[in-house]
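Here are the chains, one letter per residue:
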Amino acid sequence: MMSIITLTTDYGLKDHFVGSLKGKIISELPDARIIDISHDIDPFNTAEASYVIGASYLSFPKGTIHLIGVDIERNKENQHIAMQWNDHFFICADNGILSMLTQKIVPQKIVEINIHDRFPAEFSDLDIFIQVACHIAKGGLLNVIGKEIPTVKEVTELQAVVAADGNSLKGYVIYIDHFGNIVTNISKQQFLEVAKGRPYEIVMKPKSIKTILPNYSAIATSDKYPIKTYEGEKLAIFNEAGFLEIAIFRSNPSKVGSANSLLGLNYRDVITIKFS
Amino acid sequence: MMSIITLTTDYGLKDHFVGSLKGKIISELPDARIIDISHDIDPFNTAEASYVIGASYLSFPKGTIHLIGVDIERNKENQHIAMQWNDHFFICADNGILSMLTQKIVPQKIVEINIHDRFPAEFSDLDIFIQVACHIAKGGLLNVIGKEIPTVKEVTELQAVVAADGNSLKGYVIYIDHFGNIVTNISKQQFLEVAKGRPYEIVMKPKSIKTILPNYSAIATSDKYPIKTYEGEKLAIFNEAGFLEIAIFRSNPSKVGSANSLLGLNYRDVITIKFS
Amino acid sequence: MMSIITLTTDYGLKDHFVGSLKGKIISELPDARIIDISHDIDPFNTAEASYVIGASYLSFPKGTIHLIGVDIERNKENQHIAMQWNDHFFICADNGILSMLTQKIVPQKIVEINIHDRFPAEFSDLDIFIQVACHIAKGGLLNVIGKEIPTVKEVTELQAVVAADGNSLKGYVIYIDHFGNIVTNISKQQFLEVAKGRPYEIVMKPKSIKTILPNYSAIATSDKYPIKTYEGEKLAIFNEAGFLEIAIFRSNPSKVGSANSLLGLNYRDVITIKFS
């Protein structure tokens, strides 16, 4: 069976870096099926990489190898790791990228990659990742390329917090997408657990939203008006990745404006849900 | 034979959406050959999607499946359709995207997709498109996934208009490309039919052009000067898609400037050809 | 064996051009493995294309065909060529793009493509390149599609210059990458030849750097502080392509700033290394 290798990096598409990466993979593994997830991760932003990989891995078949090239230079703080988790493989630096996954399901195996000495000095960190990806793709075991470790580095900033009285849920903006829609770290599951069926209000500065829609088009509450009437209205849904998203209906960042621009919401801004 | 599936969307390349789409397709159809046409369609701009798909489909072999992910949320105004046309397949929302094609050649078959009830509620509109694409790729019939309908929704704004006296042809800017070149909805065929060999002038505000060149380099009318001399001059050609295009010779939007910036022409601006 | 064809163009990713190019290649050669190197070369900037192809070709297996779509319109100054060099194939216009390669190793064969008359008039320059690429991919000889020529057009501006007294090396900024890092035309090899072990100083206006690091992380000279302390500091390394690069540690052009923005360095600016 053909191996699938996905790529998530902050290398951008202007330079030759992504092309070279693919060239090196197919030099090692001519049949590899390589799929780009994103190369426009905000530079060195491990939280963005974490959200993007968490939101997309499940679209791929079991056994897929996910190579994450964000903040990968190996140094005293950043070791290289490979993880088998939910029957997928992940190769990245141990900089917190995987903690969003491991908070949900216990990993099957994690190794700290220790094959760096086997290669010439001019081998880059990325070259090591390519070797590991090809090793796994050929059916090689993780123990052969690293020593087992019990956990990955945890990053707690990605979790929304329930107030002491249980009456509110405080999250943050963790991602702003192509349409300018705001993605928060409040998951549907956490929302349902805290809400217990109570009425609620999503509070952003300086606005609030009282209803979470099942999908974007549900904003058209009346059949009397054409759908176009609702363009530019703000709304909230749980997106496909399961997180609360604040959007502008049919937003076009350069014309109508986006949730990001119209509501003045930015990365790491607070979003609170109050229950009553 | 390997199935070819092309993708044209307004999802952008920053987010994981396109990667997830590809992952889902190869999960269903491991051998699918997936080719990106564009993921930078202006958000919800069905006219742009229409131009891009019309300009590119013919570069692909017969039997290719074109999945168009622009403005696809299914609602009372927008049904999902699949069309067999000129031996290619198209899957999109019935929002006018295909009318530029059907104005030229009668479709072989159009169906309104009606399989939504067969899938779980959390299936997105895009998931339905993926199911339909894989069904067609496996040789499945359109009638199995939809009920036949006679026509697609027509959008007339994409057609240039001949004046009552037959002495002018009025079109619009329908697309601005990567080089800032202006593409109009005046086709070579319509031009030839109306021109009947007469002299003409292309009138834009506030400039005009008196000659349509066979290709960009034809701007160098004399052998005395190097080609570089002509950089920055405005010109008109019929582009490979067969439409009148106003360009700046060797335009670099960030340096020389482009037709878009130098001539002050924007999307939906009027371009008239006057015959004398 | 599957043929590998790489693409390097200034077509951008918004338009359908790259998708159409791929569609035409797989129409001719269904099994072709097509890899994008870059489609965001600065329009008509042959020096950028030259750097990008020189920095990436070696990541691909021998026999790979590199199609370069930058400034390809055929005219009195620009002929189309195909070159076999270091067991790779290159197809482009003879506009200096390949001189950075041929300055290092003598080509195995160069031909001026002369098959244009065999195709219909509406065949574009790119269509000719596709025919040539598919011909080579099928094992065809270069002599069948062109007449042999001894050399490619030379562009000398890409070479750094040693001062008459041998005490300095004067180069230029030839590329600015996604991270805003500045790449110069001073190669490690030339540096070592001129330096002969002497102390040196890299002089840019208005700053200078006294040490070339082995890698980015080497900027952390002390174990006392976290790596984060060094963010935003300027540094110099020889990059993977072997050229001197001026960078900002962990630069994010839109936040920390980049070498490009913070040091005020732009394309074609002078960089001098003074030896003492």
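Residues numbered from 1 in each chain as written. Chains lettered and ligands numbered in written order. Predicted model: local features only at pLDDT ≥ 70, side-chain atom pairs only at ≥ 80, totals over all residues. Heavy atoms only, no water.

- For chain A, the name recorded in an unreviewed UniProt entry is Fjo14, with Flavobacterium johnsoniae as its organism.

**Describing the environment of T9 of chain C**
Residues and elements named next belong to chain C.
Then, number 1: Tracing the chain through its elements places T9 in strand β1 (residues 4-9).
Then, number 2: Residue classification places T9 among the buried residues on the basis of a relative accessible area of 0%.
Then, number 3: As for T9 and T151, which are separated by 142 residues in sequence, their C-alpha atoms are 23 Å apart. (Helix = DSSP H or I, 4+ residues; strand = E, 2+ residues; numbered from the N terminus. Buried < 20%, exposed > 50% of the residue type's maximum accessible area, 1.4 Å probe, protein only.)

**Regarding the sheet that holds strand β3 (residues 65-69) of chain C**
All names here are of chain C.
Then, number 1: With mixed pairing, the 7 strands of this open sheet are ordered in space as β2-β1-β3-β5-β4-β6-β7. Looking at strand neighbours, the two that pair on one side only are β2 (33-38) and β7 (146-148), the edges of this open sheet. The sheet shows a mean angle of 25° between the axes of neighbouring strands, direction not considered.
Then, number 2: In terms of strand pairing, β3 meets strand β5 (residues 88-93) through 3 bridges, oriented parallel. Bridge pairing in β5 places H66 opposite F90. (Pairing = 2+ DSSP bridges. Axes fitted to C-alpha atoms, helices over the stretch in contact; angles between N-to-C directions.)

**Observations concerning the relation of the copies chain B and chain A**
Then, number 1: After a rotation of 120° and a shift along the axis of 0.0 Å, chain B superposes on chain A with an RMSD of 0.0 Å. What we have between these two chains is a three-fold relation. Taking C-alpha positions as reference, the residue of chain B nearest the rotation axis is L13 of chain B, located at 5.5 Å.
Then, number 2: Interface overlap between copies is the fraction of interface residues in one copy that are interface residues in the other; for chain B against chain A it is only 9%, indicating separate surfaces. (Least-squares fit on C-alpha atoms with pLDDT ≥ 70 in both. Contact = heavy atoms within 4.5 Å.)

**Side note on the relation of the copies chain C and chain A**
Then, number 1: For these two chains of identical sequence, chain C goes onto chain A by a turn of 120° and a shift of 0.0 Å along the axis, with RMSD 0.0 Å.
Then, number 2: Taken as a fraction of all interface residues of chain C, those also at the interface in chain A reach only 8%, which identifies the copy contact as different-surface.

**Side note on the interface of chain B and chain A**
Then, number 1: Taken together, the contact pairs 33 residues of chain B with 39 residues of chain A.
Then, number 2: Both faces combined, the contact of chain B with chain A buries some 2700 Å², and carbon together with sulfur accounts for 50% of it.
Then, number 3: The interface formed by chain B and chain A holds 3 salt bridges in total.
Then, number 4: The salt bridge involving E240 of chain A is made with K24 of chain B; its shortest N-O contact spans 3.6 Å.
Then, number 5: Counting the contacts that link chain B with chain A gives 15 residue pairs in polar contact (both at pLDDT 80 or more).
Then, number 6: Listed by contribution, the elements that provide at least two residues to the side of chain B that touches chain A are α1 (17-28) and β2 (33-38) of chain B. (Buried area = accessible area lost by both parts, 1.4 Å probe. Salt bridge = Lys/Arg side-chain N within 4 Å of Asp/Glu carboxyl O. Polar contact = N/O pair within 3.5 Å; in protein donor to acceptor, adjacent residues only side chain to side chain.)

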